Amino acid sequence: MSYFAALNPLNLLNALPGCIAQGIIWGIMALGVYVTFRLLDFADLTVDGSFATGCAVTVMLTLAGVPIPAALLVAIFAGLLAGLVTGLLHTALGIPPILSGILTQIALYSVNLHIMGMAANMALSSQKYNLLVSLMNIPKSILIAGLFALALISLLYWYFGTEQGSSIRATGCNPSMSKANGININFTKVLALSLSNGLVGLAGGLMAQYQGFSDINMGRGAIVIGLAAVIIGEVLGEAILRKHMNFALRLVFVIMGGIIYYIVVGIVLWLKLNSNDLKLFTAIIVAAFLAVPYIQGRRKNSFGRTAKASLAALEARKDKEE
Amino acid sequence: MLNIIDIHKTFNLGTINEKSALNGVDLHLDKGDFCTIIGGNGAGKSTMLNAVAGVWPVDRGAILLNGQNITGLPEHKRAGFLGRVFQDPMTGTAASMEIEENLALAARRGKSRKLGWGITKQEKEKYRELLRVLDLGLEDRMTSKVGLLSGGQRQALTLLMATLQQPNLLLLDEHTAALDPKTAEKVLRVTDQIIEENHLTALMVTHNMKDAIAHGNRLIMMHDGRVILNIAGEEKKKLTVADLLHQFELVSGEEFASDKAILA
C-alpha cells in the first residue's frame, strides 16, 4: 500500500514537459532512422555510434569556445561521415547492411573516446554556455527542439520530392527497377545513409546540450529508440488518419512517436521501476508495436478462423443433403 | 544499330554449379528491327538480354549500340539507351510509389537527378494523356500506388515507362509470360502499337512460338547459348510453328524441349 501512496500524480505531471522535450530530440534522431529503415529499406545500426559522435563533437567544440551553431554543424558533418563509412563498407566492399552498420558503430566507440580526449564523459555547464536546449529551461527547450523538428520535416519533405530524393525512395522500393531506370543505387544508398546519420549526429548534439554532458554510452540502444518512435508513430498515424496519411504527416508522427515513447518512459520511472530495466522495457515496447500490425493482419486472415468457417460450410452442406 | 559480337558468359566459373550460358552469340540488328527470340529453357535468351542490359559484365566479346562500345558500361549507365520490361510484373515498377511517380522516375532515365522537383505539373498532364491512350483506366488513378495494380496493368505501365524517353533499343524479356492469355494479348497489342508509333528497335524474348512468328520483322532461335536460326523478311512472314520445330530439330539435332512453347 505504501508503494501506491508514494505515487504522486503531480510528480508525473511535473515530469511530463521534460519527457516531451527529450521525446522531440529523440524524434529528430528517429527521422534519421526513418530515412534508412523505411525509405531505403536498410536497417542501419550505425546510429548507436553516430548519435554519441554528435554528442561528443558538440560538447568538445563548445568547451573549446566554438559557437553552438557551428558545433552543431560539425556534429551533423561527423554523422554524415559515419554514414558515408557504412555506405562504402556496404557498396564498395560488399558487406551486408546490418554488418556494415555494426562495424561502423563499434569503430565509432573508439573514435568517440578519442574525440572526448579519452574521457568516458564530459560535462557541459548550462550556466557557462548559452545552450540552445537544456533541462534547466524546459519550455524553451521544447520550443527550440520543436522548431528544429519542424524545419527538418519541411526539409525532408522537400528533398524526398526532388529528383534525387525520389531516386533514393525508388532504390529502397525496387533496386532492379531503379537500375533499369538509370539510378546508380550504390550512390543513392551512400547518400541516404549519410543524410540519415547527419540527422542522427544533429540529434546527438541537441541531446548533449539538453542533458548538459556527453557520455560514451549515450547512443547505446539509439537504434531501438529510433525504431520505437518510427513504429509507434506509424501505428498511431495509421489508426488516426487512415487513408489521409501523407509523407509530411508520417514524419510528424515519427516525432510524435518519439514523444510518446518518452512519456511512457516517464511513466515507468514514475512507477519507480528500476531505471536499469529501461532497456528491457524499451525492447518490449518496440516488439509489441512491431507485432501489432502483424497480429492484426493474422486475426483477419488466420487458419483458425478459416477452420471455423469451414465447419460452418460443412454443416450447411449436410443440412442441404438431409 | 545493335551489334553483338561473339559474347560469352559462364556463371559460377570453377564451381560445381558452373554453367556456360552464352557460347559466342553474334547478332546484328538494324534500326527499326523488331526481333523476336525463341528457344528452349536454358537456351540463353534472357541471359543475352541481360548481357545487353549490363546486369553483369560478359566474359568475352563486344556489344555495340549505335556504333558506341557499351561493353564496359555498368547497368545504370546503359539504362539511358535502353528501355526494359521484365518477365515478373513486380520487377519493372516501384510498388510503394505512385503511378505518376514511377513515370516521372522513368522520364529521367539517363539524366542526372538533381534537386529539381521529382515531377512537374506539365508532366502530370502529359502522363494523363499517355495513360488514356493505354485505355486501362489508369489515367484516373495517377496517385494510386503501383502495388495496387494487376500484373497486366503493371506490365503496360512498365512498357510506357520504358518508352517514355525514346530508347535506342527496347528489351522485352518474356514480358507477357506471367499474364493470363487475354491480358497477354492486350499487352502484346500495346507493345506492337508503341514500337510502331515510335519506330523503335526491339528485342523480344518469348516462350510462345506463335507470338514469335506473329510479331516483329525478324526471328532468331537460340540453343545452348548460341543463335542457331536467324530468319528475316519474307521468309519470316511465311513461317509456321511446324517449320520452326522442324528447323530446330535440323539445326540442334534434338527435339524442342519446351511443351509450353509448342502448345501455347
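Anything mentioned here points back to the structure above.
Residues numbered from 1 in each chain as written. Chains lettered and ligands numbered in written order. Predicted model: local features only at pLDDT ≥ 70, side-chain atom pairs only at ≥ 80, totals over all residues. Heavy atoms only, no water.

> Can you explain the overall build of chain B? Please cite residues and give values.
Of regular secondary structure, chain B possesses 10 helices and 10 strands. Compactness check: chain B gives a C-alpha radius of gyration of 19 Å against a globular reference of 18 Å for 264 residues, within 12% of the reference. When its C-alpha atoms are laid out on the principal axes, chain B stretches across 60 × 40 × 35 Å. Per-residue burial for chain B yields a buried fraction of 52% across its 264 residues. (Helix = DSSP H or I, 4+ residues; strand = E, 2+ residues; numbered from the N terminus. Rg over C-alpha atoms; globule rule 2.2 N^0.38 Å. Buried < 20%, exposed > 50% of the residue type's maximum accessible area, 1.4 Å probe, protein only.)

> Got a sec to walk through the interface of chain B and chain A? Specific residues and values, please.
Taken together, the contacts link 29 residues of chain B with 20 residues of chain A. When the two sides are added together, the surface that chain B and chain A hide from each other amounts to roughly 2,000 Å², 60% of it contributed by carbon and sulfur. Interface area lost by chain B to chain A is led by His76(B), Arg113(B) and Leu115(B), which between them contribute 29%. For Glu75(B), the salt bridge identified is with Lys179(A), shortest N-O distance 3.6 Å. Counting the contacts that link chain B with chain A gives 11 residue pairs in polar contact (both at pLDDT 80 or more). Elements with a minimum of two residues in the side of chain B that touches chain A: α2 (75-78) and α3 (99-107) of chain B. (Contact = heavy atoms within 4.5 Å. Buried area = accessible area lost by both parts, 1.4 Å probe. Salt bridge = Lys/Arg side-chain N within 4 Å of Asp/Glu carboxyl O. Polar contact = N/O pair within 3.5 Å; in protein donor to acceptor, adjacent residues only side chain to side chain.)

> An account of the packing of helix α4 (residues 68-91) of chain A against helix α9 (residues 185-211) of chain A is needed here, citing residue identities and associated values.
Two measures define how a pair of helices packs: the angle their axes make with one another and the distance between the axes. Residue and element names in this part refer to chain A. In contact at an axis separation of 6 Å, α4 and α9 are set at 145° when each is read in the N-to-C sense. Between α4 and α9 the crossing geometry is right-handed. Per-class residue counts for the contact of α4 with α9 are 12 nonpolar, 13 polar and 1 charged. (Axes fitted to C-alpha atoms, helices over the stretch in contact; angles between N-to-C directions. Left-handed = near helix turned anticlockwise from the far one by under 90°. Nonpolar A, V, L, I, M, F, W, Y, C, P; charged D, E, K, R; others polar.)

> Residue-level account of the side chain of Asn112(A), with values.
Residues and elements named next belong to chain A. Within the element layout of this structure, asparagine 112 appears in helix α5 (residues 97-115). Here threonine 53 takes part through its side chain, which lies 2.7 Å from a polar atom of the side chain of asparagine 112. Setting aside anything within four residues of it in sequence, one finds asparagine 112 in contact with Gly49, Ala52, Thr53, Ala56 and Ile216.

> Tell me about the packing of aromatic side chains, and please be specific about residues and values.
To describe a pair of aromatic rings, one takes the distance between the centres and the angle between the planes. Residues and elements named next belong to chain A. The tally for this structure, following the rule as stated, stands at 9 aromatic pairs over all chains. With a centroid separation of 6.3 Å and an interplanar angle of 45°, the aromatic rings of tyrosine 34 and phenylalanine 247 are classed as tilted. You can see tyrosine 34 sitting in helix α2 (residues 9-40) and its partner phenylalanine 247 sitting in helix α11 (residues 247-270), a full 213 residues away along the chain. Taken as a pair, tyrosine 34 and phenylalanine 247 share a single burial class, namely buried. With a centroid separation of 6.0 Å and an interplanar angle of 70°, the aromatic rings of phenylalanine 160 and phenylalanine 247 are classed as edge-to-face. Of the two residues, phenylalanine 160 sits in the loop between α6 (138-159) and α7 (163-173) while phenylalanine 247 sits in helix α11, which places them 87 residues apart along the sequence. By the ring-pair criterion, three or more aromatic residues cluster together here, those being Tyr34, Tyr157, Trp158, Tyr159, Phe160 and Phe247. (Phe/Tyr/Trp six-rings, centres within 6.5 Å; stacked < 30°, edge-to-face > 60°.)

> Pulling in residues and values, what's your account of the environment of Ile225(A)?
Residue and element names in this part refer to chain A. Mapped onto the secondary structure, isoleucine 225 falls in helix α10 (residues 222-241). Exposure remark for isoleucine 225: the relative accessible area of 10% places this residue in the buried category. Taking the C-alpha atoms as reference, isoleucine 225 lies 8.9 Å from methionine 29; in sequence the two are 196 residues apart. Those residues within four positions of isoleucine 225 in sequence are excluded, and the remaining contacts are Trp26, Tyr261, Tyr262 and Thr282.

> Please provide a residue-by-residue account of the packing of α4(A) against α5(A), values included.
Residues and elements named next belong to chain A. For the pair α4 and α5, interaxial distance at closest approach is 9 Å and the crossing angle is 140°. One finds that α4 runs oblique with respect to α5. The interaxial crossing formed by α4 with α5 has right-handed handedness. Here Ala82, Val85, Thr86, Leu89 and His90 of α4 come into contact with α5, specifically with Pro97, Ser100, Gly101, Leu103, Thr104 and Leu108. Residue classes in the contact of α4 with α5 are distributed as 6 nonpolar, 5 polar and no charged. (Parallel < 35°, antiparallel > 145°, perpendicular 65-115°, else oblique.)

> How would you explain a positive patch on the surface if you had to name every residue and give the values?
Residues and elements named next belong to chain A. A contiguous patch of positive charge on the surface is contributed by Arg242, Arg299, Lys300, Arg305 and Lys308. Contributing elements (two or more residues each) for the positive patch: α12 (278-300) and α13 (303-321). For arginine 242, the position within the fold is in the loop between α10 and α11. Overall, arginine 242 belongs to the exposed group, its relative accessible area being 62%. (Patch = residues over 30% accessible without salt bridge, like charges linked within 9 Å, V, L, I, M, F, W, Y side chains within 5 Å. Areas by Shrake-Rupley, 256 points an atom, 1.4 Å probe, with all protein chains shown as cover. Lys, Arg positive; Asp, Glu negative; His and termini not counted. Charge placed at Lys NZ, Arg CZ, Asp CG, Glu CD.)

> Help me get a handle on the pattern of salt bridges, residues and values and all.
Following the criterion strictly, the structure yields 14 salt bridges over all chains and no others. Salt-bridge contacts for Glu101(B) lead to Arg169(A); the nearest nitrogen and oxygen are separated by 2.9 Å. On the criterion of chain membership, the pair formed by Glu101(B) in helix α3 and Arg169(A) in helix α7 is interchain, its members lying in two chains. Residue class for Glu101(B) comes out buried when judged on its relative accessible area of 18%. Put simply, Glu163(A), Arg108(B) and Glu123(B) are held in one network by salt bridges that share partners.

> Residue-level account of a negative patch on the surface, with values.
Residues and elements named next belong to chain A. Where like charges cluster on the molecular surface, the negative patch consists of Glu315, Asp319, Glu321 and Glu322. As for its position among the elements, glutamate 321 is in helix α13. Relative accessible area serves as the criterion here: at 61%, glutamate 321 is assigned to the exposed category.

> Could you give me a rundown of the sheet that holds strand β1 (residues 2-11) of chain B, with the residues and numbers involved?
Residues and elements named next belong to chain B. Read across the open sheet, the 4 strands follow the order β2-β1-β4-β5; overall the sheet is antiparallel. In the strand order of this sheet, the two ends are held by β2 (19-29) and β5 (68-69), each with one partner. For β1 and β2, the ladder comprises 8 bridges, and the chain directions are antiparallel. Looking at β2, one finds that isoleucine 7 is bridged to valine 25. Packing of helix α1 (residues 45-53) onto the sheet brings it into contact with β1, β2 and β4 (60-65), and relative to β2 it is tilted by some 70°. (Pairing = 2+ DSSP bridges.)

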